[in-house]
Amino acid sequence: MRDIYLDESIIFLDLQEKTKEDVLSVMGGKLYEKGLVKATFIDAIIAREREFATGLPTKGVSVAIPHTDIEHVNQKTISVGILKEPVAFGVMGGGPEETTPVQLVFMLAMDETHSQLALLQRLMQMFQDADTLNYLCREKNKKNVRYLIESKLDVAFKGGE
């Protein structure tokens, strides 16, 4: 898993959107603005989220890991959204009406299927650590968020400061 892009410009602190679609649009829009994803990415990630929910009711803080197919991606990327107030996301593997109040969003834009699976596995390990998730929700410095994610996922990200 080399060449994953993450910098402070795609880490969102205190996102104030009220719906999952708005959260995905804001985060995906920034990825598109930076040329990391294709114009089709936002619609594709919203459509996929409706069909295959990505909300995870973890200990303490619920997370979501929205992602879509590799053809919508230019560069392997992780964007992180820390929501000011929780937003309802469908529960992964749950019924159509089952939601969880998500406060952390890890938007994945992967350009290879095997990279996406490897990254999802590492993220799932990180999501089992309630202290890490709570720290991320309280952190107000984007560099600290990036450094923590790098250390927890054991990857070095590409991207400027």
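Here the structure is shown first, and the text comes after it.
Conventions used here
- Along each chain, the written sequence defines residue order, and numbers are assigned to residues from 1.
- Where local features are concerned, this predicted model is filtered to residues with pLDDT of at least 70; where side-chain atom pairs are given and counted, the filter is 80 or more; whole-chain, interface and lining totals use all residues.
- Side-chain measures here rest on the full set of heavy atoms in the structure, leaving out hydrogens and waters.
- The definition of a nonpolar core used throughout is a set of buried Ala, Val, Leu, Ile, Met, Phe, Trp, Tyr and Cys residues joined through side-chain atoms within 4.5 Å.
- Note on exposure labels: buried denotes an accessible area under 20% of the residue type's maximum, exposed denotes more than 50%, and partly exposed covers the range between, all computed with a 1.4 Å probe on protein chains only.
- For the purposes of this entry, the term helix denotes a DSSP run of H or I that reaches at least four residues, the term strand denotes a run of E that reaches at least two, and both are numbered from the N terminus.
- Any two residues having at least one pair of non-hydrogen atoms within 4.5 Å are treated as being in contact.
- For this document, the term salt bridge refers to a Lys or Arg side-chain nitrogen within 4 Å of an Asp or Glu carboxyl oxygen.
- Note on pairing: two strands pair once DSSP finds at least 2 bridges between them.
- Only C-alpha atoms enter the line fits that serve as axes; for helices the fit covers just the stretch in contact. Angles between N-to-C directions range over 0 to 180 degrees.
- What makes a crossing left-handed is the near helix being turned counterclockwise from the far one by less than a right angle; a clockwise turn instead makes it right-handed.
- Classification convention: Asp, Glu, Lys, Arg as charged; Ala, Val, Leu, Ile, Met, Phe, Trp, Tyr, Cys, Pro as nonpolar; all other residues, Gly among them, as polar.

A. Representation of the nonpolar core in the model. With 50 residues, the main nonpolar core has Ile78, Leu104, Phe106, Leu123, Phe127 and Leu153 as its most contacted residues. When residues of this core are assigned to their parent elements, the largest contribution, 7 residues, is made by strand 5 (residues 99-109). Once you skip the residues sitting within four places of it in the chain, Leu153 turns out to touch Ile78, Leu119, Arg122, Leu123 and Met126.

B. Broad picture of the pattern of salt bridges. For the structure shown, the criterion picks out 7 salt bridges. In this structure, Asp7 engages Lys34 in a salt bridge whose closest nitrogen and oxygen atoms are separated by 3.9 Å. Placement of the pair is Asp7 in the segment before strand 1 (11-15) and Lys34 in the loop between helix 1 (20-33) and helix 2 (41-51), with a sequence separation of 27 residues. Taking the relative accessible area as the measure of exposure, Asp7 reaches 5% and is therefore buried. The partly exposed category is assigned to Lys34, whose relative accessible area is 33%. Among the salt bridges present, the one from Lys140 reaches Asp14, with a minimum N-O distance of 3.0 Å. Pair noted here: Lys140 is in the loop between helix 4 (130-138) and helix 5 (142-153) and Asp14 is in strand 1, with a separation of 126 residues, a long-range link.

C. Structural context of the sheet that holds strand 2 (residues 55-56). Read across the sheet, 5 strands follow the order 1-4-5-3-2 without closing on themselves; strand pairing throughout is mixed. Each having just a single partner strand, strand 1 and strand 2 make up the two edges of the open sheet. Relative to strand 3 (residues 62-64), strand 2 runs antiparallel, the two sharing 2 bridges. Its bridge partner being in strand 3, Leu56 is matched across the sheet by Val63. Taken strand by strand, helix 4 contacts strand 3, strand 4 (77-90) and strand 5, and its axis lies near 85° from that of strand 5. Relative to the sheet, helix 5 contacts strand 1, strand 4 and strand 5, its axis offset from that of strand 1 by approximately 120°.

D. Local environment of the packing of helix 1 against helix 2. Relative to each other, helix 1 and helix 2 sit at 150°, their axes nearing to 9 Å. In this structure, the crossing between helix 1 and helix 2 has a hand that is right-handed. The segment helix 1 lies against helix 2, with Lys20, Glu21, Leu24, Ser25, Gly28, Gly29 and Leu31 engaging Phe41, Ile42, Ile45, Ile46, Glu49 and Arg50. Among the residues making up the contact of helix 1 with helix 2, the classes are represented as 6 nonpolar, 3 polar and 4 charged.

E. Main features of the pairing of strand 4. Burial within strand 4 is extensive, with 10 of its 14 residues counted as buried. Bridge analysis of strand 1 against strand 4 gives 3 bridges, and the strand direction is parallel. Among the inter-strand pairings, Leu15 is bridged to a residue of strand 4, identified as Leu83.

Read these as geometric descriptors, not functional statements.
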